[in-house]
Amino acid sequence: MVVAPKIRGFICTTAHPEGCAKHVAEQIAVVKSRGPIANGPKKVLVIGSSTGYGLASRIAAAFGSNAATVGVFFERASEGDRTATAGWYNSAAFEREAAAAGLYARSFNGDAFSDAMKSEVIAAIKKDLGQVDCVIYSLASPRRTHPKTGEVLKSVLKPIGESYTNKNLNTGNGVVNEITIDPANEDEIAQTVAVMGGEDWEMWMEALASANVLAPGVQTLAYSYIGPVLTWPIYKNGTIGQAKLDLERAQKALDQKLAPLGGKAWISVNKALVTQASSAIPVVPLYISLLYKIMKAAGSHEECIEQMDRLFRDRLCSGNPHPDEAGRIRLDDWEMAESVQNLISERWDSVTTENFAELADFAGYQANFLKLFGFGLEGVDYSADTDVAVSIPSIS
Ligand code: NAD
C-alpha cells in the first residue's frame, strides 16, 4: 500500500517502513563517518531503544564501538492496513543493519516497567552475552503500571504552584498563540515522578546486579533536560523537572551501589530536539523552532545521533566526561551557550505568527517531526506501494 503521513495533534498515526529504515541508515552513516570510538562499550543494554535518544544511543554503541546490543521498547507491529509504529520499523532496520555488519542485536517489545520484561531480558543477557558493560535508560512514557502495587500511574506536563502562561506554537499551522496551564496537584506530581523518575532505573539496575549480569566497570546513564529559564515553569520547575530531580537522586544511589564493581552511574543532560516525547510538551516546540534556526546558523546544530555519538566518543569513553558541578554530563553545552540563549530571549519576546517564519526554523521542525515517522527521507519513493508488514528478526 501507499503510506502517507496522518497527523493527529502532536502524533503521526502512520509510519513508513522504508523511510524509517533510511532514517536509521542515515544515523549509522553519521557514526561511521566519524570513525571507530576508542574504548567504547562492547555489550550494551538500551532500555527505550526504538526512537529518539535511545535509538541513537544503540546506533552509536553498535556502529561506533562494534557493541553487541540488547534493546527494549514498547512498539506496535502492523495489522492489516494499519502500519506498525516508527519504533518498530526503526528496530527492524537496525537489526538488519547490525546483522549485515556482523553485530549481535536482540530486541524485546513490551513493558519495560514490568518484572516480567526485566526477567526476560536478564535471561537473554545471561545466555547470549554473559554480562553487559553499559546500560542506557532512555524511557519516555506517559504511564507506568507499578510492578509491585499494580497501580497505573500517569505523568503530566504541568507547572507547580501557580499557573503558567507563555507563548506557544500550534505545530499544525505555525500559529504562535498563548497557552495557560494550570498547576499540578500533589498527586499529579507524585505520579509523574513515579513514571519518569528514577525508581524504575534503580529496579533495572538492582535486578541486573542481583543476577550478576553487570560487568566490572559497568557504566549506566539516564537522560535529562534542563533548558532555558523561559521554559523552567513547565520543564525544570514543573512536574517533569521533579521527575528529573528524582532521576538525579537515583543516579547518586546507583553510583554508590556500583562502586564495589568499579561501576559508575551518570545523568547526561541532552539538547532539546524534536522527538515523539518532546513534541508533546507545551511551549517547547516553539523554543525548539527558534533554537534550530540559531544553532543551524551558528553551525552547532546536532540531531540525536550527533549528540549520542559525542556522548560516547568525547565524554563517556574519552577518559574525561567533563562533568558539571553536580556531576552531570552536559551535552546541552552548545544549546546553553550564552550567544545562543541571548538570541533566543530576544526572539522569544518578539516572535509572533507574522514573523515566525523569519525568526524560527519551522520548516526544519516540521521536517524533523515527519522524519521521526519515516517521511521526507531522500531517495524514498513515497508514491510507490510498500509492504507494511515488516518483522523484527529477533522477535518474530
Ligand atoms: P522517545 O519518545 O523518542 O523514546 C522513548 C522510548 O521509550 C521509545 O523507545 C519507546 O518505545 C520507549 N518506551 C516508552 N514506554 C515504554 C515502556 N513502557 N516499555 C518499554 N519501552 C517504552 O523519547 P526521547 O525524547 O528520546 O526521550 C528519551 C529520554 O531522553 C527521556 O528521559 C527524555 O526526558 C530525555 N531527553 C529528551 C530530550 C528531547 O528534547 N527529546 C532532551 C533531553 C533529554
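The structure under discussion appears in the preceding block.
Note that residues are indexed from 1 along each chain, following the sequence as it is written. In keeping with the predicted nature of the model, local features appear solely for residues at pLDDT of at least 70, side-chain atom pairs appear and are counted solely at 80 or more, and the whole-chain, interface and lining totals rest on all residues. To obtain the side-chain values, all non-hydrogen atoms of the structure were used and water was disregarded.

### Some remarks on the overall build of the protein
Our working definition: Labels follow the DSSP assignment, with helices taken as runs of H or I lasting at least four residues and strands as runs of E lasting at least two, numbered in each case from the N terminus. To get the radius of gyration, use the C-alpha atoms; to get the globule rule, take the number of residues to the power 0.38 and multiply by 2.2 Å. Only heavy atoms matter for contacts: two residues are in contact if any of them lie within 4.5 Å across the pair. Here the open area of atoms and residues is found with the Shrake-Rupley method and a 1.4 Å probe, where only the protein chains shown may cover a residue. In this tally, Asp and Glu contribute negative charge and Lys and Arg positive charge; neither His nor the terminal groups of the chain are included. For charged residues, the charge sits on one atom: NZ in Lys, CZ in Arg, CG in Asp, CD in Glu.
Assigned secondary structure in the protein consists of twelve helices and 13 strands. Over its C-alpha trace the protein gives a radius of gyration of 20 Å, about what one expects of a compact globule, namely 21 Å for 396 residues. On the principal axes, the C-alpha backbone points of the protein span a range of 60 × 50 × 45 Å. Relative to all contacts within the protein whose residues are 6 or more apart in sequence, the contacts with residues 24 or more apart total 78%. For the protein, the accessible surface area stands at approximately 16000 Å², while carbon and sulfur atoms represent 53% of it. Taking the average place of the 37 positive charges on the side chains of the protein and the average place of its 46 negative ones, the gap between the two points comes to 4 Å.

### Some details on the pattern of salt bridges
As a working rule, side chains carrying opposite charge can pair if their charged atoms are close by. This is how the line gets drawn: Definition used for salt bridges: Asp or Glu carboxyl oxygen within 4 Å of a side-chain nitrogen of Lys or Arg. Only protein chains enter the area calculation, which uses a 1.4 Å probe; residues under 20% of their type maximum are buried, those over 50% are exposed, and those in between are partly exposed.
Taken as a whole and assessed by the stated rule, the structure comprises 22 salt bridges. Between glutamate 202 and arginine 249 there is a salt bridge, with its nearest N and O atoms 2.9 Å apart. Of the two residues, glutamate 202 is situated in helix H6 (residues 199–210) and arginine 249 in helix H7 (residues 239–258); the sequence distance between them amounts to 47 residues. The buried category is assigned to glutamate 202, whose relative accessible area is 16%. The salt bridge partner of arginine 310 is aspartate 333, with a shortest N-O separation of 3.0 Å. Taken together, the positions of arginine 310 in helix H9 (residues 304–316) and aspartate 333 in the loop between strand S13 (329–330) and helix H10 (338–350) put the pair 23 residues apart, joining distant regions of the chain. A residue is classified by how much of its surface remains accessible, and arginine 310, at 6% relative accessible area, is buried. For aspartate 333, a relative accessible area of 27% gives the class partly exposed. What you see here is one network of salt bridges that share partners, running through Glu248, Asp324, Glu325, Arg328, Arg330 and Asp332.

### Digging into H10
Which entries qualify depends on this criterion: A helix's residues, less one, multiplied by 1.5 Å, set its expected span. What the arc describes is the spread of directions from the helix axis to the C-beta atoms.
Its 13 residues place the ends of H10 19 Å apart at the C-alpha level, agreeing with the 18 Å of an ideal helix rising 1.5 Å per residue. Within the span of H10, buried status applies to Val340, Gln341, Ile344 and Trp348. Along the axis of H10, the buried positions cluster into a sector of 90 degrees, meaning they face one direction only. Exposed side chains of H10 directed beyond 90 degrees from the buried face belong to Glu338, Ser339, Glu346 and Asp349. In this fold, the buried residues of H10 make contact with strand S9 (164–170) and helix H8 (284–298).

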